[in-house]
Amino acid sequence: MRSSPAARLLRPAALMVLMVAALVFPTSAPAAAQVPVPVPASAPVSAPAPVPGDLRPHDVSDVYSVGISSGGYMATQLHVAYSGTFDGSAAFASGPNHCAQNDLNKALLACMDTLQDLQLDTLEQTTRDWSARGLVDPVSHLAGDPVYVFSGSGDTTVKRPVADALSEYYGRFGARVRYNNSTAAGHAWISPLGPNSCTVTANPWINNCGFDAERDLLGHLLGSVTAPAGTPGGTLTQFDQNAYATGGRARSISLDEKGFVYVPDSCADGAACKLVVALHGCKQGYSYQGFGSQFIDKAYLNEYADTNNLIVLYPQAVPTTTLDNPNGCWNWWGYQGDSAYARHGGKQIETVMAMVRALGGDGTPPPAGNRMTLESTDAQDGYIKAAADGSGPSVGTLETTYGLALGRGSDGRYNRSVLSFDTSRIPAGKQLTRAHVTLTHSSGSGSPWTSPTGNRLLVDVHHGCLGACTVEPADWSATTTAPGSAEVTAFTAGTRSSTNMSTAGLAAVNRTGVTHLRLRFAANQTSTAYVFVNKDTRATLTVEYE
C-alpha cells in the first residue's frame, strides 16, 4: 500500500494527510501473519468495565508518559515540554521531539521513512532554543531522566533509523536511555496480552513478542517493579474530556469526549502513587470505528498498576471530520494549524496537562470540582494606545507582527490590551470557585514592571463586551465591572498565569455570552518599557467550578 517516493512527493496536501495517518497504522497485513498467539496464564479473565465519574485528586509523587507511534510522539512531546512535571517517558515506534517541524512532507518522509534527513542537530537546537525562551521547561530537567525506546526490525511503518534518532536525541540531553531494538516486531504496542504475533502490523496493533515489555519499560522508568496482578482489581473510570480540553470542546481539537483513568484500590484509599499517562496510536482510540477499550485492556499496564501503586491515565484522540486527522492520531505534525503542538500552548498537550493536574500530578492538590480552559477569541482580541491621560486613543496595528502591547511604546504612547472569551461554554448551574488568565511572552523592551518600581499589570474583568466585541479606541478608558480583579507578575519568557480573580471578578464572568478582560499597568511608565504577549499562542482563561 506504499506508493513510490516520487509519487508521494507529488500528492496534494489533503491526500498526504490521509497517507501519513494510514501509514502510522496500516489497515491490513498478510492473512498468514495475523494468527493470534496465546496470552499468558496471568491474563485477566475479564477487563474492568468502565464506570462514569470524574478525575479526583490523589497523592501523586512522579509522572511518566508512555505511547505507541503517534502516541509515542505525544509521550515525548509531553515529557520535553513539561520535564518539570514528567519524570521519564517510554516510546514505541516513534522519533525525536518536533520531528515533523510543522511539515507534513517531513512527517511522512523523514519521521516515518528515511527518504529525507530528519535533521537531528536542528531538532536538538530547537529544543534548546525553546528552553531558553521558556516555550518548554528547562532542558536541564531531562538529564538523568529514564527513557525507554522500542523499535522492531519488522516495523516498516516507522523505520529503525527514526527510533535510533529518538534514542540519540534523548542522549544528547543526558537522559538515561534503554533502547530495545532486539526483536523482529512489527509496528505495534508490545504486550503479553497482544492478540497478534510479534512480526505483524495489523489491527489491533498489539503484539505478543514472547517477553514482558511492560516489565522492562516500567522497571526502567521506576527502578524496579513488583510482579503484575493476575486480574486488574481497581476501578476504570470514564470521564468527560471536555472539562479539560483547551477551548472547552474536545472534538474541536481532535480529542474524544470520553477519557479513561485506571485507579488501583490502594491509590483510591490514599496511598502515595505514581501516574502513568498512556497514549494509544492512530486507529486505537476508544471511539474509532468501534475499537473500544482494546488498548486499555491489553496494554498490560493495569495489572502492574495494582501491584506497584500506579494510576494509569488513558486520554483519547478521535478523527476529525475533515482531512486534517482522519484516523484519530495524536497531533505530532501540527494538524489543524496548531503550530505549538510540541511545546507549551499546544492544544492537546495543555489538555493532557490539565488532566494530570486534576489527578494531583503537579504536586499540588487540584480543586474538588471541575476545570475548563477557554482560548481567547483571536478576531476580537486587540490593543489600544493613548496619551498618558487617555486622550487620543487608537487601536494598535502590530498584533499580527509582534502581539498584544502593554506599557509605554517607543512612540511615547501607553498600551492596554483586551482579551475576549466566550464564557457561555462554562456548564450552566455551576458555581465558579477560581479563575486565572495565562499569557505567553512574545517580545519586549525593558521591564514595564519596574518603570516605575513596583508597577503592577492588572486584569480588569467586564461582564460582556466593553463596547463592540471587537477592540475599539474607547476600550482604553472604558469602565469595567471588576477593575483590578487579578494581577500578572513580571516575566520575560515563556508563559505566566495571573493570580486568582477576586470574588468580584468571578461574579463578573458572563455565563451567557462574552467576557472581556482588559490588561493594563497600574501606573504609566516613566520611560520606554513595554511587552508584547500572545503573538503565536492565544491567551487562555482557566476556570474551576463545582
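Before reading further, recall that the structure is shown in the block above.
A. Inspection of the overall build of the chain at higher detail. Broken down by element type, the chain carries 12 helices and 24 strands. Taken over the C-alpha trace, the chain has a radius of gyration of 24 Å; the compact-globule value for 546 residues is 24 Å, and the two agree within 12%. For the chain, the spread of C-alpha atoms along the three principal axes comes to 80 × 55 × 40 Å. When burial is assessed residue by residue, the chain has 59% of its 546 residues classed as buried. Of the contacts formed within the chain by residues at least 6 apart in sequence, a portion of 76% connects residues at least 24 apart. Only carbon and sulfur atoms are counted for the fraction: they give 50% of the accessible area of the chain, which is about 19,100 Å². Taken as two groups, the 37 positive and 44 negative side-chain charges of the chain have centres that lie 4 Å from each other.

B. Representation of the pattern of salt bridges. Per the counting criterion, the structure on display carries 20 salt bridges. The residue Lys535 makes a salt bridge to Asp536 at a minimum N-O spacing of 3.2 Å. The class for Lys535 is partly exposed, based on a relative accessible area of 37%. Taking the relative accessible area as the measure of exposure, Asp536 reaches 49% and is therefore partly exposed. Through salt bridges with shared partners, a single ionic network connects Asp121, Glu124, Arg128, Glu168 and Arg172.

C. Structural detail: the packing of helix α3 (residues 70-81) against helix α6 (residues 160-172). α6 packs onto α3 with a crossing angle of 10° between their chain directions and a minimal axis gap of 13 Å. When the axes of α3 and α6 are compared, the pair comes out roughly parallel. Handedness of the α3/α6 crossing: left-handed. Contact residues: α3 offers Tyr73, Thr76, His79 and Val80, while α6 offers Val162, Leu166, Tyr169 and Tyr170. Here the residues of the contact of α3 with α6 are counted per class, giving 6 nonpolar, 2 polar and no charged.

D. Molecular detail of the sheet that holds strand β6 (residues 189-190). Across the sheet, which stays open at both edges, the 3 strands sit in the order β6-β8-β7 with parallel pairing between neighbours. At either end of the open sheet lies a strand with only one pairing partner, and these are β6 and β7 (196-197). In this structure, β6 lies alongside strand β8 (residues 206-208), joined through 2 bridges in parallel fashion. The residue bridging Ile190 from the neighbouring strand is Asn207, located in β8.

E. The arrangement of the side chain of Thr183 in detail. For Thr183, the location among the structural elements is in the loop between β5 (176-180) and β6. Relative accessible area serves as the criterion here: at 14%, Thr183 is assigned to the buried category. For Thr183, the side chain forms a polar contact with the main-chain nitrogen of Ala185, separated by 3.3 Å. Residues contacting Thr183, with those up to four places away along its chain left out, are Phe150, Ser151, Gly152, Ser153, Arg160 and Phe211.

F. Here's a closer look at α6. With 13 residues, α6 should cover 18 Å at 1.5 Å per step; its first-to-last C-alpha distance of 19 Å lies within 8% of that length. Buried positions along α6 lie against α3, β3 (88-92), α5 (120-133), β4 (146-150) and β5. Gly174 occupies a position one or two residues after α6 and carries a positive phi of about 85°.

G. Summary view of the side chain of Thr351. Within the secondary structure layout, Thr351 lies in helix α11 (residues 347-358). You can call Thr351 buried: its relative accessible area is 0%. Within polar-contact distance, the side chain of Thr351 engages the backbone nitrogen of Thr246 at 3.0 Å. What Thr351 contacts, discounting residues up to four positions off in sequence, is Tyr244, Ala245, Thr246, Ile253 and Leu255.

H. Region of the structure containing the environment of Tyr530. With respect to the helices, strands and loops of the structure, Tyr530 is situated in strand β23 (residues 529-533). Expressed as a C-alpha distance, the spacing of Tyr530 and Val225, which sit 305 residues apart in the sequence, is 52 Å. What Tyr530 contacts, discounting residues up to four positions off in sequence, is Leu406, Gly407, Arg408, Gly409, Ser410, Gly444, Ser445, Gly446 and Pro448.

I. Up close: the packing of aromatic side chains. Taken as a whole and assessed by the stated rule, the structure comprises 19 aromatic pairs. With 5.8 Å between their ring centres and 75° between their planes, Tyr169 and Tyr170 make a pair best called edge-to-face. Taken as a pair, Tyr169 and Tyr170 share a single burial class, namely buried. A ring pair is formed by Phe239 and Tyr244, whose centres lie 6.0 Å apart and whose planes are at 85°; its orientation type is edge-to-face. Like Tyr244, Phe239 is buried. Here a set of aromatic residues connected by ring pairs shows up, and it is made of Phe92, Tyr148, Phe150, Trp189, Phe211, Phe295 and Tyr314. Cation over ring: Arg416 sits above Trp476, and NZ or CZ is 3.7 Å from the ring centre.

J. Structural context of the pairing of strand β10 (residues 258-263). With 5 of 6 residues buried, β10 lies mostly within the body of the structure. Two elements, strand β9 (residues 235-240) and β10, share 6 bridges in a ladder whose sense is antiparallel. The partner of Asp240 across the bridge, within β10, is Lys258. With 3 bridges joining them, β10 and strand β12 (residues 310-314) adopt antiparallel strand pairing.

K. Highlighting the environment of Ala405. Within the fold, Ala405 resides in strand β16 (residues 404-408). Along the chain, Ala405 and Val312 lie 93 residues apart, while their C-alpha atoms are 42 Å from each other.

L. Representation of unusual backbone geometry within the structure. Backbone torsion omega between Asn203 and Pro204 reads 5°, so that peptide bond is classified as cis. The residue after Ser451, namely Pro452, is reached through a cis peptide bond having omega -5°. By the secondary structure assignment, Pro452 is in the loop between β18 (432-445) and β19 (457-463). In this structure, Asn309 is a non-glycine residue whose phi angle is positive, near 55°. The backbone phi angle of Gln336 is positive, close to 60°, even though this residue is not glycine. Looking at where Gln336 falls in the secondary structure, it is placed in the loop between β12 and α11. Residue Gln336 is classed as partly exposed on the basis of its relative accessible area of 33%.

Criteria and cut-off values
- Residues numbered from 1 in each chain as written.
- Predicted model: local features only at pLDDT ≥ 70, side-chain atom pairs only at ≥ 80, totals over all residues.
- Heavy atoms only, no water.
- Helix = DSSP H or I, 4+ residues; strand = E, 2+ residues; numbered from the N terminus.
- Rg over C-alpha atoms; globule rule 2.2 N^0.38 Å.
- Buried < 20%, exposed > 50% of the residue type's maximum accessible area, 1.4 Å probe, protein only.
- Contact = heavy atoms within 4.5 Å.
- Areas by Shrake-Rupley, 256 points an atom, 1.4 Å probe, with all protein chains shown as cover.
- Lys, Arg positive; Asp, Glu negative; His and termini not counted.
- Charge placed at Lys NZ, Arg CZ, Asp CG, Glu CD.
- Salt bridge = Lys/Arg side-chain N within 4 Å of Asp/Glu carboxyl O.
- Axes fitted to C-alpha atoms, helices over the stretch in contact; angles between N-to-C directions.
- Parallel < 35°, antiparallel > 145°, perpendicular 65-115°, else oblique.
- Left-handed = near helix turned anticlockwise from the far one by under 90°.
- Nonpolar A, V, L, I, M, F, W, Y, C, P; charged D, E, K, R; others polar.
- Pairing = 2+ DSSP bridges.
- Polar contact = N/O pair within 3.5 Å; in protein donor to acceptor, adjacent residues only side chain to side chain.
- Expected span 1.5 Å × (residues − 1).
- Phe/Tyr/Trp six-rings, centres within 6.5 Å; stacked < 30°, edge-to-face > 60°.
- Lys NZ or Arg CZ within 6 Å of the ring centre and 35° of its normal.

All quantities given are derived from atomic positions and should not be read as evidence of function.
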